[in-house]
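If you want the building blocks of each chain, they are given just below.
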Amino acid sequence: IIKEEKKRAKVKYTVHAHEPYIVDSITTDIPSHDVDSIYEAHKKASFVVPGKKFKTLDFNQERERLTTLFRNTGLYHFEEGHISFIADTVNTEHKVNVELVISNRDMSRNDSLIYIPFKMHTISEVNVVTDYTFSKRGQPVLHKEEHEKVNIYSFDKPKFNPETITDAVFIKVGDLYKDQNRSLTYNRLNELRMFNYPDIQFIDDPRDTTETKLIANILLTPKKKFDLTFNLEAYRSNIQDFGIGFGPSFLVRNLFGGAEILEISARGSIGNSSDAAKNETRFFNINEVGADLKLTLPKIAFPGNLDKIIPKYMSPFTTIRAGMSSQKNIGLDKRNITGAFSYRWEPSKKLTHYMDLVDVQFVRNLNVQNYFNIYRNSFSRLNEIAMENSSQIPSNYFDPETGDLTIPEGTENFISDIKNNENLGLNPEELRDARNVIERKDRLSENNLILASNFSYIWNTASSLYDLEFTRFRGKIEFAGNTLSLLSPLLNLEKNKSEKYELSGVQFSQYAKLELGIVKHWNLGHQNVLATRAFGGIAIPYGNSNSIPFSRSFFAGGANDNRGWQAYDLGPGSTGGINEFNEANFKLAFNAEHRFNLFGQLFGAFFVDVGNIWHVFDNVEDEASTFTKFSDLADLSVGSGFGFRYDVQFFVIRIDVGFKTYSPANDDQKWFRDYNFGNAVYHFGINYPF
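Note that this is a predicted model, so its numbers are computed, not measured.

About the cut-offs
- Each chain has its residues counted from 1, following the order in which its sequence is written.
- In view of the model being predicted, local features appear only for residues whose pLDDT reaches at least 70, and side-chain atom pairs are presented and counted only at 80 or more, with totals across whole chains, interfaces and linings using the full set of residues.
- Calculation of side-chain values draws on the structure's entire complement of heavy atoms; hydrogens and water are dropped beforehand.
- The criterion for strand pairing is that DSSP finds at least two bridges linking the strands in question.
- Under the scheme used here, helices are H or I runs from DSSP no shorter than 4 residues and strands are E runs no shorter than 2 residues, and both carry numbers assigned from the N terminus.
- All axes here are fitted lines through C-alpha atoms, helices being fitted over the stretch that makes contact, and every angle between N-to-C directions spans 0 to 180 degrees.
- Residue contacts are defined here by distance: any two heavy atoms, one from each residue, within 4.5 Å place the two residues in contact.
- Throughout, nonpolar core names a set of buried Ala, Val, Leu, Ile, Met, Phe, Trp, Tyr and Cys residues whose side chains join them through atoms within 4.5 Å.
- Each residue gets one of three labels from its accessible area relative to the maximum for its type: buried under 20%, exposed over 50%, partly exposed in between, using a 1.4 Å probe on protein chains only.
- An angle below 35 degrees is treated as roughly parallel, one above 145 as roughly antiparallel, one from 65 to 115 as roughly perpendicular, and anything else as oblique.
- Definitions for this section: a left-handed crossing has its near helix turned counterclockwise from the far helix by less than a right angle. A right-handed crossing has that turn clockwise.
- Residues are sorted three ways: Asp, Glu, Lys and Arg are charged, Ala, Val, Leu, Ile, Met, Phe, Trp, Tyr, Cys and Pro are nonpolar, and all the rest, Gly among them, are polar.
- Think of it as the arc spanned by the lines of direction from the helix axis to the C-beta atoms.
- Points on a 1 Å grid, built from protein atoms alone, make a cavity when a 1.4 Å probe fits but cannot get out and make a pocket when they are open with protein on both sides within 12 Å along at least 5 of 7 lines; residues with an atom within 4 Å of a point are the lining residues.
- Grid points are joined across faces, edges and corners, and a volume is the space filled by probe spheres set on the points.
- Whenever two N or O atoms come within 3.5 Å, that pair is a polar contact, provided that in protein one can donate a hydrogen and the other can accept it, and provided that, for residues adjacent in sequence, both atoms are side-chain atoms.

### Things to note about the sheet that holds strand β3 (residues 22–29)
In spatial order, the strands read β3-β5-β4; together these three strands make up an open sheet with mixed pairing. At either margin of the open sheet sits one strand with a lone partner, and together these are β3 and β4 (83–88). Averaged over all neighbouring strand pairs, the angle between strand axes comes to 25 degrees, with direction disregarded. Pairing analysis gives six bridges linking β4 to strand β5 (residues 95–102), with the strands arranged antiparallel. Within the sheet, the bridge partner assigned to I86 lies in β5 and is E99. On the sheet, helix α2 (residues 56–71) packs against β4 and β5 and is oriented at approximately 145 degrees with respect to β4.

### Some remarks on the nonpolar core
In this structure, V126, V128, I171, F195, F202 and I218 are the most contacted members of the largest nonpolar core, which totals 25 residues. Once residues lying within four places of it in the same chain are set aside, the contact partners of F202 are Y76, I123, I171, Y177, R182, L214, I215 and A216. Counting 22 residues, the second largest nonpolar core, distinct from the first, contains Y371, I385, I393 and I418.

### Digging into the sheet that holds strand β9 (residues 143–147)
The strand order across the open sheet built from five strands is β9-β10-β8-β12-β11, with neighbouring strands paired in mixed fashion. The sheet is open, and its two borders are formed by β9 and β11 (199–204), each paired with just one other strand. Geometrically, the sheet is characterised by an average inter-axis angle of 20 degrees between neighbouring strands, direction not taken into account. In this sheet, strand β12 (residues 213–219) lies alongside strand β8 (residues 122–129) in parallel orientation, the contact comprising seven bridges. The residue bridging T122 from the neighbouring strand is K213, located in β12.

### Comments concerning the packing of helix α7 (residues 409–419) against helix α8 (residues 428–445)
Interaxial distance between α7 and α8 falls to 11 Å at its minimum, and their mutual angle equals 115 degrees. One finds that α7 runs roughly perpendicular with respect to α8. Here α7 and α8 pass one another in a crossing that is left-handed. Where α7 approaches α8, its residues E412, I415, I418 and K419 are matched on the opposing element by L431, A434, I438, K441 and D442. Partitioned by chemical class, the residues of the contact of α7 with α8 number five nonpolar, no polar and four charged.

### Observations concerning unusual backbone geometry
Backbone torsion omega between I407 and P408 reads 10 degrees, so that peptide bond is classified as cis. Of note, P408 is situated in the loop between α6 (376–388) and α7. Here the amide bond leading from G571 into P572 is cis, since omega sits at -5 degrees, within 30 degrees of zero. Along the chain, P572 falls in the loop between β25 (528–541) and β26 (586–599). Phi is positive for K6, which is not a glycine, with a value near 55 degrees. Mapped onto the fold, K6 is located in the loop between β1 (2–3) and β2 (9–10). The backbone of D333 shows a phi angle near 55 degrees, a positive value even though the residue is not glycine.

### A short note on the pairing of strand β6 (residues 105–109)
Along a regular strand, successive side chains alternate from one face of the sheet to the other. Alignment of β6 against strand β7 (residues 112–116), held across five bridges, turns out to be antiparallel. Counterpart to D106 in the pairing with β7 is Y115. Hairpin connection of β6 to β7: two residues between the antiparallel strands, including N110 at a positive phi of 55 degrees.

### Some details on α7
Every buried residue belonging to α7 is among G410, T411, F414, I415, D417 and I418, and all of these are buried. Taken down its axis, α7 places every buried residue within 160 degrees of arc, on the same side. Where α7 is buried, its residues contact α5 (371–374), α6 and α8. Backbone geometry just after α7 places N421 at a positive phi near 60 degrees.

### A look at empty space enclosed by the protein
One pass over the full model with this rule turns up two cavities of 30 Å³ or more. Considering only enclosed or pocket space, the largest cavity measures out at about 70 Å³ in volume. Lining the largest cavity are H77, R105, I116, P117, F118, K119, H121 and E211. In the lining of the largest cavity, the residues fall into three nonpolar, two polar and three charged. Roughly 50 Å³ of volume is contained in the second largest cavity. What lines the second largest cavity is simply I123, F170, I171, K172, D175, L176, Y177, K178, N181 and F202. Residue composition of the lining of the second largest cavity, grouped by class: six nonpolar, one polar and three charged.

### A few points about the environment of H121
Position of H121 relative to the elements: it lies in the loop between β7 and β8. A sequence separation of 523 residues divides H121 from F644, and the C-alpha atoms of the two residues are 54 Å apart. Looking at H121, its side chain comes within polar contact range of the main-chain oxygen of K119, at 3.1 Å.

### Regarding the layout of surface pockets
The volume enclosed by the second largest pocket comes to roughly 1100 Å³. Taken together, 34 residues form the lining of the second largest pocket, with K419, E439, D442, S498 and N619 sitting closest to its centre. For the lining of the second largest pocket, the secondary structure elements donating two or more residues are α7, α8 and β23 (506–507). For the lining of the second largest pocket, the class distribution of residues is nine nonpolar, 15 polar and 10 charged.

Structure representation (structure tokens):
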């Protein structure tokens, strides 16, 4: 103890580490023949190894390993308490002689405690009751059916196809008892969303004299066939200053007897927007309505049997989705029709695959003439060019009172003249800027037809939402338009002025898209976590397309991206987000966040976000917004800041304050130019950003 002034002191600890103990020999005392044979067959995977330092953690892990091993090789009655280790360190010169003791099973018989060797158990019978309730216990079962050696019972008329039940049961007659088969069965039955808390019981078969047979009884209590819910929410977004959303959802279980789930939902919203298409006096001047249909099947719906490729234990599902929505006074007033035929399966606890065999989307813009009322920055630049060359442009393009181009007549005529190479007196820079405005308008206002297929690979080591250390990797690849491109000559589809095929008057999209993202969390101890993320995405148009549809493009900024900017305000490149809803087809993003506990359930965080978007391999010619060489990585913008998170167990309430730390759009001062609270961006979110 080192005394200091003002009644304070420091404590200095000096630790003298002695020679560590080393595991020397390992012997066993296992009276059960079955247990001993299983141990010998798997002892190479032991955590307790001669020559290693003596660690109690190794012995704990070995005890857990053996318990899991035994309970998955037929030893139904085995428990961890039957495993013990005896360590001999007397006169061993810092060496430990370990004896592994696995005692026999203890059980009561005739008021006496006896010890009998463990035996491997096999399943002799599997019984499933599909409509069990506590009130029906003891009543006679009216219906029985056997399918794949599983006895399926019901008190009332059977409502489930036998194959649906047996596909979800991984406990098979004749198999050794395995905990993992019990867990697979329980998880699969829960995934079906048909039953309340499946009850799986095992009892000794009273007909068996060898005491090695088990009967599995699975009691299932069905959920209600129909469910009706209603949602109501209030929100604010980049488009709406204030909005109210509402809609009912109707769910039907076991639609065709095969545990199918049909979900029909409708949605509507009304809101207020200062950018509404019509300058109405009503507060609620915008609205959206839509409907969705979703059918989920507990199997891979495909011609032929795919069980060898995607076995039942991988929890396969097929989903068929269809939906449509219509917007009024929101941007260009879109009508959106979507449909998809999708698969999902899980080869392991950590790995999940998603495949959209068919993903179709049709977007029709109903109010294209409103474009320059919405995208005011584009209008300002086009109008500025027109006014500077007004002597070469017909006067009827302009409003006589304001002197601006009229919308839509004046803007459309001016654009038409530029496209037709009319002599308007524009200098090269003005012509380039005008063409950039026109390209963006054509791209954002055109109708889109997307027929795509995609595949996603997701690797996630997190076992629950509360894991502090894990890795999550996601890769997705998508191709669109290839099928239509191959069929176009056969279908005699017409070509437009750009020599691109059209289907029903709409040029279909053709592109390849790749997304790669990884999230890594490190537990630093004492409720400190370092969370990082890296993401890269690129979409390349080809064939029938020169650009990527807005709905499949990338954007930057926002509460879950670069928090120094609002969503869609960052990029592309060094342009400084001069347009509304900036997007592009190439994106890089990197994030790091240190989270720490302040007190109770309140946590703080410091973060750094790096990223941007660019145009690449498309029809955008603006040098500032395109990525053509590695030096363009200097356009990566940096945002940093701090935030607070309050954990309410079910979710996390998050507030972040982001500052523009490095902005490539600033010419004179790129670093810390607007690094103050007056120019900070405030984000409110639910749950962590990554």
